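This is what each chain is made of:
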Amino acid sequence: MLAACGFAPAYGPGGVATTLVETVRVADPYDKNSFDLVERLEERLGRPNNHRYDLAYTIRTEAFGVGITTENEITRFNLKGVIDYTLTDTATGSRLTGGQVQSFTAYSATGSTVAGLAAEEDAALRLMRILADQIVARLIAASAAFP
């Protein structure tokens, strides 16, 4: 029934996403956010055994206070993240796809300093995982045109 509508599993036999599995080398991480991003990308795509593609990225994050008390104390933050990415063919050096993904998470700044820092770190980890999943979805969507 699904075959009649043209649906084919991306990771199924002969699926378009199989060209991405264990073939994408993600640029080395340079800080905690990039480490979390690379970790999630490698979870989804696998570590490259036969690396055919290079994935470069730049990460930008910014925290915004959104919960303010009557004493002008911020109790809640939104953490916005934007990643620009480019996938290139290692054999030719040509750009295959790229773009920008963005999302946000939130965390509470109430409680102790340690609790606030832990909440901020957790929000950053969640944000990098969300953005990595968005990148993978876009790579899968574009992968039918890859060599």
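Everything quoted here is computed from the prediction, not taken from an experiment. (Residues numbered from 1 in each chain as written. Predicted model: local features only at pLDDT ≥ 70, side-chain atom pairs only at ≥ 80, totals over all residues. Heavy atoms only, no water.)

**Notes on the overall build of the protein**
And then number 1: Helix and strand content of the protein: 2 helices and 4 strands.
And then number 2: Along the protein, helices and strands appear, N-terminal first, in the series β-α-β-β-β-α.
And then number 3: For the protein, the share of sequence-separated contacts (at least 6 apart) that also reach a separation of at least 24 residues comes to 63%.
And then number 4: As displayed, the protein has an accessible area near 8400 Å², and 55% of this comes from carbon and sulfur atoms. (Helix = DSSP H or I, 4+ residues; strand = E, 2+ residues; numbered from the N terminus. Contact = heavy atoms within 4.5 Å. Areas by Shrake-Rupley, 256 points an atom, 1.4 Å probe, with all protein chains shown as cover.)

**Concerning the sheet that holds strand β3 (residues 74-89)**
Two pairing modes exist for strands in a sheet, parallel and antiparallel, and in both the strands are linked by backbone hydrogen bonds.
And then number 1: Across the sheet, 4 strands lie side by side as β1-β2-β3-β4; this open sheet has mixed pairing. The sheet is open, and its two edges are formed by β1 (24-26) and β4 (95-108), each paired on a single side. Taking the axes of each pair of neighbouring strands and ignoring which way they run, one obtains an average angle of 25° across the sheet.
And then number 2: Across 13 bridges, the pairing between β3 and β4 is antiparallel. Along β4, the bridge assignment pairs aspartate 84 with glutamine 100.
And then number 3: Those strands touched by helix α1 (residues 32-45) are β1, β2 (53-68) and β3, and its axis lies near 125° from that of β2.
And then number 4: On top of the sheet, helix α2 (residues 113-142) reaches β2, β3 and β4; it is set at about 150° to β4, its chief contact. (Pairing = 2+ DSSP bridges. Axes fitted to C-alpha atoms, helices over the stretch in contact; angles between N-to-C directions.)

**Details of the packing of α1 against α2**
And then number 1: Where α1 meets α2, the axes come as close as 8 Å, and the angle between the chain directions of the two elements is 45°. With respect to α2, the element α1 is oriented oblique. In this structure, the crossing between α1 and α2 has a hand that is right-handed. Between α1 and α2, the residues in contact are Lys32, Asn33, Asp36, Leu37, Arg40, Leu41, Glu43, Arg44 and Leu45 and Glu121, Ala124, Leu125, Met128, Arg129, Leu131, Ala132, Asp133, Ile135, Val136 and Leu139, respectively.
And then number 2: Partitioned by chemical class, the residues of the contact of α1 with α2 number 11 nonpolar, 1 polar and 8 charged. (Parallel < 35°, antiparallel > 145°, perpendicular 65-115°, else oblique. Left-handed = near helix turned anticlockwise from the far one by under 90°. Nonpolar A, V, L, I, M, F, W, Y, C, P; charged D, E, K, R; others polar.)

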